[in-house]
Structures are given as C-alpha cells and as structure tokens.
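Descriptive analysis of the structure
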Amino acid sequence: MSTVIAEQQNYQRIAQAIRYLSANQQKQPSLAELAAHVGVSEFHLQRIFTEWVGLSPKQFLQFLTKENAKRLLRSSSVMETALACGLSGSSRLHDLMIKTERVTPGEYRRMGVGLQIRYGSCPSLFGSCFIAVNHRGLCKLAFFDDADDEANLLLELQQEWAAATLIRDDSRATALYEQAFGPVSKPQGLSQKPSQDPSHSLVVLLKGSEFQMHVWEALMAIPVGEVCSYQQLAESMGMPSSARAVASAIARNNIAYLIPCHRVIRGTGEFSEYRWGADRKRAMLLREHSIGG
C-alpha cells in the first residue's frame, strides 16, 4: 500500500474517531470502545490519533466539553487586546511565514485573462489538500476526501478565475504544502512545527470584496491555539451588529488554515460547521492547542 493511500486511510479513521467521540462525549467511551468502533487495535488508534491530532483520545474528550470550549472563549477585553496586536502578536506562525496581497480591481474584472495558474493535490495533515498558485501567490488552499470533492474544487477554481489557463502540477502543490506545513511523508508530531524561517514566507493572494478582506485579515489576528465567537470577531472589527455578515464572509474564505477561519466557533462554545468539514476543524484546533502556536 502506498504512503499516500495509507495516510488517507489513517485520516478517515481519525475523522471517524472524532465523530464518535463528539457524539458520545457524555458517555466518556474508553479507548477499547473507540478502537472497536473504528476497527483497529487500541495501540494503533492511540498512535495515529496522537500523531494526527496532537492529543490522545482521552485528552480530546476533555477538550470537547463545553466548559473547556467556553474557557477558550476569551472575554471581550482580552480578545480586543489580542486583535489590537494585529500581526505583531508573539510566537504566531502567520507573523513569520504568511504575507497577504490583494487582487487589484483590474485583476478582479479580467477574471484571469493572460494568467497561468498551477494547481494540484497532495496528502496532508488533514486529509488530501488542493492547492493553486499563480505568479503573485497562493490563490486557493482547500481540503477534500475523495475524487468528487477534488473535481468540485477544480470547478470552483475555474469559476473564480474563468479566463485563466489552468495547469495541473502536483509537484508544485506538494512543494507549496511543504513550505507551509513541512514534509508530507508522515504526520507531524507534537515536537514538529511548520518552518518559521522568514526567508521562506508564503504569499497568499486574496480575492474578494472589501468587507471580506477586512474579515479575513481580522481572522489572522486571532492567536494560534485560541478561538473566538462570530460576535466577538464582529465586535473587534467595530461592527457589533454584523455577526451574520462576518460569518458569511468567513464561509467564503478560499485559503484554508493559513487564513484561520477554523478559529471561530459559536458563542455557546460549540464547534459550528466548517467549509471543509467539522472533523477537520476540530483536528486543526486541537493540533494548534497542543503545540501552543
């Protein structure tokens, strides 16, 4: 069995385990019960779950409680302070490796005329990853589970850049992924973090309305390992009555993880749905929480 297939199967097992633990949280299922549900040994499940999520299944159960999620929701004053720091917050991945640029009005109107976009897929920490890039920077990053999902992502890309020339280039996609996350040969453990060498900064090209840009930039001010509610994010932007519009803009984000829309949850402390799957959202938050940014 190839490494890619094995990693994909492991991700599916972890996703299944996350769903089971989330649905049966109050019952506090044992590792044996969880392994039996997933269909692997306790030893194997413990190992791959810890590698992929960064926490053991038992620690994940503790994290899932509403009390813990609410604890992670900082008070308004703390969140306002963190957001006021913008990209100058300490020990944060985005400060060091992510630079954003905006699509110009002319580029937006032309829809990619004369533009060449290379796209492809590769295995990742969170299942399969779809990446697209042009001469200005990375213009799409998404996660998917199967061939149909990948086809839909390609269709999205074609619609977003209708006049551009699209070229399949999996090696380029893999190189970009590794620049952001590290080698794809195996999941990263707790001791491993993405490269934080400023000389290898990624340029992310954002395409959207002025309001959407404002929301996406606000997302990048949420510290790694922390979460906020849609209402808190709207308040931090000086738009307390625009929580629904903020949520809509978050849902239109085309750059998964690097523009961290996964860090926004419901005000009740519950994990809301996520464009690329609620299981992935939990896995991303857990991994960030475990490595502490």
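Right above here is the structure, for reference.
Now for a description of the structure that goes with this document. Here the structure is a predicted model, which means the values were calculated and not measured. (Residues numbered from 1 in each chain as written. Predicted model: local features only at pLDDT ≥ 70, side-chain atom pairs only at ≥ 80, totals over all residues. Heavy atoms only, no water.)

**A word on the overall build of the chain**
When you go through the chain residue by residue, the secondary structure sums to 14 helices and eight strands. Across the 293 residues of the chain, 52% fall into the buried class. In the chain, the share of contacts with a sequence separation of at least 24, taken over all contacts with a separation of at least 6, comes to 68%. (Helix = DSSP H or I, 4+ residues; strand = E, 2+ residues; numbered from the N terminus. Buried < 20%, exposed > 50% of the residue type's maximum accessible area, 1.4 Å probe, protein only. Contact = heavy atoms within 4.5 Å.)

**Some thoughts on the nonpolar core**
Ranked by internal contacts, the top residues of the largest apolar core, which has 77 residues, are Leu141, Phe143, Trp161, Leu219, Leu233, Ile250 and Leu258. Excluding residues that lie within four positions of it along the chain, Trp161 makes contacts with Val103, Met111, Gly112, Leu115, Ile117, Asn134, Cys139, Leu205 and Lys207. (Core = buried A, V, L, I, M, F, W, Y, C linked by side-chain atoms within 4.5 Å.)

**What about the packing of aromatic side chains?**
Under the counting rule described, the total for this entry stands at six aromatic pairs. Between Tyr119 and Phe130, the aromatic rings sit 5.8 Å apart at their centres with planes inclined by 25 degrees, giving stacked as the arrangement. Of this pair, Tyr119 sits in strand E2 (residues 116-124) while Phe130 sits in strand E3 (residues 127-134), and the two are 11 residues apart along the sequence. Like Tyr119, the residue Phe130 is buried in the burial classification. A ring pair is formed by Phe126 and Phe143, whose centres lie 5.8 Å apart and whose planes are at 85 degrees; its orientation type is edge-to-face. Of the two residues, Phe126 sits in the loop between E2 and E3 while Phe143 sits in strand E4 (residues 137-144), which places them 17 residues apart along the sequence. Given a relative accessible area of 1%, Phe126 falls into the buried group. Classification of Phe143 as buried rests on a relative accessible area of 3%. The structure contains a cluster of three or more aromatic residues connected by ring pairs, namely Phe126, Phe143, Tyr177, Phe181 and Tyr257. The ring of Trp161 has Lys207 lying over it, and the distance from NZ or CZ to the ring centre is 4.1 Å. (Phe/Tyr/Trp six-rings, centres within 6.5 Å; stacked < 30°, edge-to-face > 60°. Lys NZ or Arg CZ within 6 Å of the ring centre and 35° of its normal.)

**As for helix H10 (residues 170-181)**
For H10, with 12 residues, the first-to-last C-alpha span of 16 Å sits near the 16 Å given by 1.5 Å per residue. Gly182 sits one or two residues past H10 and shows a positive phi near 105 degrees. (Expected span 1.5 Å × (residues − 1).)

**Details of the packing of helix H11 (residues 210-219) against helix H13 (residues 243-251)**
Viewed as axis vectors pointing N to C, H11 and H13 meet at an angle of 80 degrees, and their least axial separation amounts to 9 Å. Relative to H13, H11 is oriented roughly perpendicular. Here Phe211, Gln212, Val215, Trp216 and Leu219 of H11 lie close against H13, whose contacting residues are Ala245, Val246, Ala249 and Ile250. Here the residues of the contact of H11 with H13 are counted per class, giving eight nonpolar, one polar and no charged. (Axes fitted to C-alpha atoms, helices over the stretch in contact; angles between N-to-C directions. Parallel < 35°, antiparallel > 145°, perpendicular 65-115°, else oblique. Nonpolar A, V, L, I, M, F, W, Y, C, P; charged D, E, K, R; others polar.)

**Considerations on the pattern of salt bridges**
Using the criterion set out here, one finds 13 salt bridges in the structure. The salt bridge involving Arg19 is made with Asp279; its shortest N-O contact spans 2.8 Å. Taken together, the residues span a long stretch of sequence, with Arg19 in helix H1 (residues 3-23) and Asp279 in helix H14 (residues 278-291) at a distance of 260 residues. By relative accessible area, Asp279 is classed as buried at 13%. When the shortest N-O distance is used, the salt bridge between Asp169 and Arg118 registers 3.3 Å. Here Arg118 lies in strand E2 and Asp169 lies in the loop between strand E5 (165-168) and H10, a separation of 51 residues in the sequence. Owing to a relative accessible area of 30%, Arg118 belongs among the partly exposed residues under this scheme. Shared partners join several salt bridges into a network, and the residues in it are Lys140, Glu156, Glu160 and Arg275. (Salt bridge = Lys/Arg side-chain N within 4 Å of Asp/Glu carboxyl O.)

**Here we look at the packing of helix H2 (residues 31-38) against helix H3 (residues 42-53)**
H3 packs onto H2 with a crossing angle of 90 degrees between their chain directions and a minimal axis gap of 9 Å. In terms of orientation, H2 lies roughly perpendicular with respect to H3. Residues Leu31, Ala32, Leu34 and Ala35 of H2 form the contact with H3, whose participating residues are Glu42, Leu45 and Gln46. Looking at the contact of H2 with H3 residue by residue, the classes come out as five nonpolar, one polar and one charged.

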